[in-house]
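Given next are the chains, with one letter for each unit.
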Amino acid sequence: MMEKIVQSLRMERENPFCAYLYDLSKLRHHVHRLMTTLPSSCRLFYAIKANSDVTLLKTLAPIVHGFEVASLGEIEKVRAVDKKIPILFGGPGKTQKEIEGAIHYGVTLLHVESLHELQLVNHIASQKGTTVSILLRVNLRSSVPNAQLKMAGVPTQFGIDEVEVPNAIALAKCLPNLKLLGFHFHAMSNNGDSKTHAYFVDHCFEMEKTWQKEWDIDISYINVGGGIGINYQDVEEQFDWDDFMKCVKKVVEKHKDANWQTLFECGRYITSSCGYYAAEVLDIKQNHGKNFCVVRGGSHHLRLPAAWKQSHPFTIVPVEKWPYPFTRPEVNESVITVAGELCTPNDVLARDISVPRVRVGDILLFSYAGAYGWAISHHDFLSHPHPEHLYIESNSIKSSDARTEDQRDESYMFS
Ligand SMILES: *Cc1c(COP(=O)(O)O)cnc(C)c1O
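All values reported here derive from a predicted model rather than from experimental measurement.

## Considerations on the overall build of the protein chain
- If you tally the helices and strands in the protein chain, you get 11 helices and 21 strands.
- Whereas a compact globule of 415 residues would reach a radius of gyration of roughly 22 Å, the protein chain reaches 23 Å, a difference of no more than 12%.
- Principal-axis analysis of the C-alpha atoms places the extent of the protein chain at approximately 80 × 40 × 40 Å.
- Put simply, 71% of the contacts in the protein chain that link residues at least 6 apart link residues at least 24 apart.
- In the structure as shown, the protein chain presents an accessible area of about 18400 Å², 51% of it carried by carbon and sulfur atoms.
- The distance from the centre of the 43 positive side-chain charges to the centre of the 49 negative ones in the protein chain is 2 Å.

## Things to note about the UniProt feature "modified residue: N6-(pyridoxal phosphate)lysine" (unreviewed entry) in the protein chain
- If you check UniProt for "modified residue: N6-(pyridoxal phosphate)lysine" (unreviewed entry), the listed places come out as Lys49 in our numbering.
- The residues contacting Lys49, other than those within four sequence positions of it, are Glu74, Tyr372 and Ala375.

## Section: the site of the ligand
- Taken together, 14 residues lie around the ligand, and Lys49, Gly227, Glu265, Arg268 and Tyr372 are the ones closest in.
- Here Gly227 contributes a backbone N or O atom positioned 2.8 Å from an oxygen atom of the ligand.
- Side-chain polar atom of Tyr372 to an oxygen atom of the ligand: 2.6 Å apart, as the coordinates give it.

## Let's talk about the packing of aromatic side chains
- In total, this model carries 18 aromatic pairs according to the counting rule given.
- Seen from their ring centres, Trp241 and Tyr269 are 5.6 Å apart, and the 15° between their planes marks the pair as stacked. One end of the pair, Trp241, is in helix 9 (residues 241-254); the other, Tyr269, is in helix 10 (residues 268-271), with 28 residues separating them in the sequence.
- Classification of Trp241 as buried rests on a relative accessible area of 2%.
- Ring centres of Phe314 and Phe366 lie 5.3 Å apart, and the angle between their planes is 50°; this geometry places the pair in the tilted category. Residue Phe314 is found in strand 15 (residues 314-317), and its partner Phe366 is found in strand 18 (residues 363-366); the two are separated by 52 residues along the sequence. The exposure classification of Phe314 matches that of Phe366, with both residues buried.
- An aromatic cluster is built from Tyr20, Tyr22, Tyr277, Phe314, Phe366, Trp374 and Tyr391, whose rings are joined through pairwise contacts.

## Describing the environment of Ser367
- Inspection of the secondary structure assignment puts Ser367 in the loop between strand 18 and strand 19 (388-393).
- The buried category is assigned to Ser367, whose relative accessible area is 17%.
- Taking the C-alpha atoms as reference, Ser367 lies 9.7 Å from Leu21; in sequence the two are 346 residues apart.

## With respect to the UniProt feature "active site" (unreviewed entry) in the protein chain
- Per the UniProt annotation, the sites labelled "active site" (unreviewed entry) are Cys343.
- Along the chain, the position of Cys343 falls in the loop between strand 16 (330-339) and strand 17 (348-359).

## With respect to the environment of Ser194
- Along the polypeptide, Ser194 turns up in helix 8 (residues 194-215).
- Judged by relative accessible area, Ser194 falls into the buried class, the value being 5%.
- Sequence separation between Ser194 and Thr108 is 86 residues; the distance between their C-alpha atoms is 28 Å.
- Ignoring any residue separated from it by four or fewer positions in sequence, one finds Ser194 in contact with Phe239, Asp240, Asp243 and Phe244.

What counts as what
- Residues numbered from 1 in each chain as written.
- Predicted model: local features only at pLDDT ≥ 70, side-chain atom pairs only at ≥ 80, totals over all residues.
- Heavy atoms only, no water.
- Helix = DSSP H or I, 4+ residues; strand = E, 2+ residues; numbered from the N terminus.
- Rg over C-alpha atoms; globule rule 2.2 N^0.38 Å.
- Contact = heavy atoms within 4.5 Å.
- Areas by Shrake-Rupley, 256 points an atom, 1.4 Å probe, with all protein chains shown as cover.
- Lys, Arg positive; Asp, Glu negative; His and termini not counted.
- Charge placed at Lys NZ, Arg CZ, Asp CG, Glu CD.
- UniProt positions renumbered as here; feature names shortened; annotations may be inferred.
- Near = heavy atom within 4 Å.
- Polar contact = N/O pair within 3.5 Å; in protein donor to acceptor, adjacent residues only side chain to side chain.
- Phe/Tyr/Trp six-rings, centres within 6.5 Å; stacked < 30°, edge-to-face > 60°.
- Buried < 20%, exposed > 50% of the residue type's maximum accessible area, 1.4 Å probe, protein only.

Below you can see the structure in the form of structure tokens.
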């Protein structure tokens, strides 16, 4: 379906095609399925830093239990979409203004990342004559072995060191304007294995139970974070969500005496698969014995593969139109490297990929681009035009309704 849409969009345009495409029906369908398979004591939040596009937030707000945010800016983005939806607020280095904003906007839980932050939140809450419900974010001493990025189990700027947790609990308990309701354990990113992820959840339960017993805390929540991965190398082999849910059911059953709500705050796994990045091939050339396809676009739109030094998966959308009176460059049954339009050798989207055929004017369609794509990229490096942002509903396509002035993408309606 996406191939046909891209071909017809290209037909309507004069300039080389470059766009983010979001399939909103696919997003809805995917997240509905996640929600219906959750055990009844679990809650699924969307971590909006993965992609805080307003159209995606509007699509997700009626489906998920809430949003997880990491700044006042993100709180405001959520509140612009939904005045009431539950918000979890975490992240290191919260400022006074952010904490005041969190109170003002009715954040449900604030994840406290250090002993100093405990004091600061309590101080601000007492000045405002209110109480703030908190979870303590913990950096456990052990971690999940195969995750791509580790926020815990290793020294990082995140959370309170496991060995310091008793001090943090003691302090939280005697600060009058804080209500300690549990712990937060986000510890990794892009974990591909359902069994190790479930094992991690069980380990979090064990730790939280130990602290609850030792310190007699009245706990309501356990937040096990996000970190469920996408397999960018082999798109047919994705995280086994059904198996994960089967294992999580066993874990919550095992710990049902605790009677806590289990919170998940996933980013990548929620929006990655609904997003596509399309970039037209501008040039094909051989350099030092390798084939390079240069596209309209690059890592200033999709930084993820360059950041992680990996190839991003793509398919080739053939475009038959060729307007010039000279030979169209192409390679057949070849290995190509896909580079962007920036003047840096780091601007590579995929390296050494075998393709049957690719021609100048064909469009490369990168899948799994809906999370940590546009959101983490340096859009204005080299001042090329931004990509279009298009939203697909089963039979119509809309351009972004949230464009800022500096975005030079065209408006487009399709029916
Ligand atoms: C980034 C982040 C998430 C989401 O992580 P994903 O890997 O995208 O699921 C959740 N919680 C916290 C605290 C984060 O920083």
